[in-house]
Amino acid sequence: MRHLGCIILAAGEGKRFKSKLPKPLHHLCGKPLIDHVLDCVSQLSCAPLVVVAAAGSTPMISHLQDRNVQTAIQDRRLGTGHAVGCAREQFADFDGPILVTCADVPLLRPQTMEALVEEHHRHGAAATLLTAVFDDPTGYGRIVRNDQGTVTAIVEHRDADEQIRRIHEINSGIYVFEGPALFEALNTLTPDNDQGEYYLTDVIARFVAQGQTVAALPAADPQEVLGVNTRAELARAEAIARDRIRARLMADGVTLLDPGSIFIDADVQIGRDTVIWPGAFILGNTIIGEDCQIGGHVFIENCQIGDGTRIRHCSVVRDSTVGRGVTIGPFAHVRDSSHIGDATRIGSFAEVVRTTLGQRCKDLHFSYLGDAIVGDEVNIGAGAVTCNYDGTRKHQTVIGEGAFVGSNSTIIAPLTIGPGAYLAGGSTINKDVPAEALAIGRARQENKEGYVRRLKRTNTGR
């Protein structure tokens, strides 16, 4: 099979989105619309892979710098034919087929694109269209075929008579063209239409008029070709995509106790025999191992979570790494590049921020660990706090392995607590503590006998 090039059209204004952000950069299932399309076509090993962006679209151009693509600039929005022509320079020495698609069709599957390319080669076509059959094709251009099934025309809805409007096969706007024939035909386009634009569909009309073969392949799943032009259509596409994600994970051995209530992003990976409870959000570039339990209303984003870990209900874990056999929650918060060692337990209303906790630690109640390095088998008592911020800068606390931090301890960073040291409950610690030492930082207790009786007598005058 000959090498395949690709052009992705991403220069449209997206007026109906009513947004300052270019439409292709709006997110669906955790990543921009255009990234869904790029991920799809990249599996076809397209080269060149060119995205046509609008002149002055700094957010789009900046975003594409992180992707392995070339960029062509459309300085004026003069229609789809003009947009494709803006990539002419990148294909100057290319003589193979070119896939043309749009940045706002995030539901495309690689296997559909592969089938379209194969159909193109099978017919030896000048162009091959991806089509779809809709129950209600209102508003779409119709595909007109002859008795042999060859495409003879694309007729826009507004131009169609009643007979053509009864056709349910529509044009998706996704094509494979023979490269040299495409750019030669683009040279002949004229803006003789109400919009004064150069239409890519006129290339199809030219091929038909010249007697060249134009083939068409209906998508097996018509939902794949749904474009996103409004926020309502974005919501519809997201619902379809999330259903796909949930179905794929369940087929791979993940249990979703109430699938419709669980939100899982496109790039999430989850191991077998993991159970996810209702209302969970698992987002971003998250990887969850096997045999995990993810409780109800848990929020996980951009995390790596080891096998056998339990994250109990209403906990938040973000941008962090969690080891094997860990228990977190309920109502815990782990965030900002924290690292939780194997078999560590983080309990209710505990917050861990930019902190490394070693293996087999216990931090079970109402605590705050910020900017800390904690060794293995450390016990953090209820109400313990690392005071890491002095009003200007953050400071680090180091707690050695096997240390015991008593309840309601206040640790004023920066300082180091040695291995095996004990902090007495209720202490305020502002100096380093040697290994295996007991640190007590609290005022001496004084009991005043009979105080309450005397106080009552004074208040009542008796």
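Our structure is the block above this text.
Residues numbered from 1 in each chain as written. Predicted model: local features only at pLDDT ≥ 70, side-chain atom pairs only at ≥ 80, totals over all residues. Heavy atoms only, no water.

This part covers the pattern of salt bridges. Tallying each qualifying case throughout the model produces 22 salt bridges. Among the ionic pairs, K23 bridges to D104, the shortest N-O distance being 2.8 Å. Residue K23 is found in the loop between β1 (5-10) and β2 (27-28), and its partner D104 is found in the loop between β6 (97-102) and α4 (110-123); the two are separated by 81 residues along the sequence. Exposure remark for K23: the relative accessible area of 10% places this residue in the buried category. Between R122 and E119 there is a salt bridge, and its shortest N-O distance comes to 3.1 Å. One end of the pair is R122 and the other is E119, both in helix α4 and three residues apart, which spans about a single turn. Put simply, K31, D35, D39, R67 and D267 are held in one network by salt bridges that share partners. (Salt bridge = Lys/Arg side-chain N within 4 Å of Asp/Glu carboxyl O. Helix = DSSP H or I, 4+ residues; strand = E, 2+ residues; numbered from the N terminus. Buried < 20%, exposed > 50% of the residue type's maximum accessible area, 1.4 Å probe, protein only.)

Moving on, we get to a nonpolar patch on the surface. Residues F404, Y422, L438 and I440 make up a contiguous nonpolar surface patch of about 420 Å² in total accessible area. With respect to the element layout, L438 can be found in strand β41 (residues 438-439). (Patch = residues over 30% accessible without salt bridge, like charges linked within 9 Å, V, L, I, M, F, W, Y side chains within 5 Å. Areas by Shrake-Rupley, 256 points an atom, 1.4 Å probe, with all protein chains shown as cover.)

Turning our attention to the sheet that holds strand β12 (residues 255-256). The sheet built from eleven strands is open, its strands ordered β12-β15-β18-β21-β24-β27-β30-β33-β36-β39-β41 with parallel pairing. Both outer strands of the open sheet, β12 and β41, are each paired with one neighbouring strand and no more. Of the pairings in the sheet, the one linking strand β18 (residues 293-294) to strand β21 (residues 310-311) comprises two bridges and is parallel in character. Across the sheet, the residue bridging to Q293 is R310, located in β21. (Pairing = 2+ DSSP bridges.)

Turning our eyes to something else, we now look at the environment of I311. Considering the arrangement of structural elements, one finds I311 in strand β21. On the basis of relative accessibility, which here comes to 1%, the residue I311 falls in the buried class. Measuring from C-alpha to C-alpha, the distance between I311 and R248 comes to 22 Å, with 63 residues separating the pair along the chain. Setting aside residues no more than four positions away along its own chain, I311 makes contact with Q293, I294, G295, V298, I300, I305, V317 and I328. (Contact = heavy atoms within 4.5 Å.)

Backbone hydrogen bonds are what pair the strands of a sheet, in a parallel or an antiparallel way. An order of β14-β17-β20-β23-β26-β29-β32-β35-β38 is seen for the nine strands of this open sheet, with the pairing classed as parallel. Each end of this open sheet is capped by a strand with a single partner; those strands are β14 (269-270) and β38 (415-417). Pairing between β14 and strand β17 (residues 287-288): two bridges, direction parallel. Each residue of the ladder has a partner; that of I270, found in β17, is I288.

Each aromatic ring pair is characterised by the separation of its centres together with the angle its planes make. Following the criterion strictly, the structure yields ten aromatic pairs and no others. Measuring from centroid to centroid gives 5.1 Å for F331 and F349, while their planes differ by 5 degrees, and the two rings are stacked. Pair noted here: F331 is in the loop between β24 (327-328) and β25 (333-335) and F349 is in the loop between β27 (345-348) and β28 (351-353), with a separation of 18 residues, a long-range link. The exposure class assigned to F349 is partly exposed, which follows from its relative accessible area of 46%. (Phe/Tyr/Trp six-rings, centres within 6.5 Å; stacked < 30°, edge-to-face > 60°.)

With that settled, consider the side chain of H120. As for its placement among the helices and strands, H120 is situated in helix α4. A distance of 2.8 Å separates the side chain of H120 from the side chain of T128, its partner in a polar contact. If we skip the residues at most four places from it in the chain, H120 touches P97, A125, A126, A127, T128, V176, F177 and E178. (Polar contact = N/O pair within 3.5 Å; in protein donor to acceptor, adjacent residues only side chain to side chain.)

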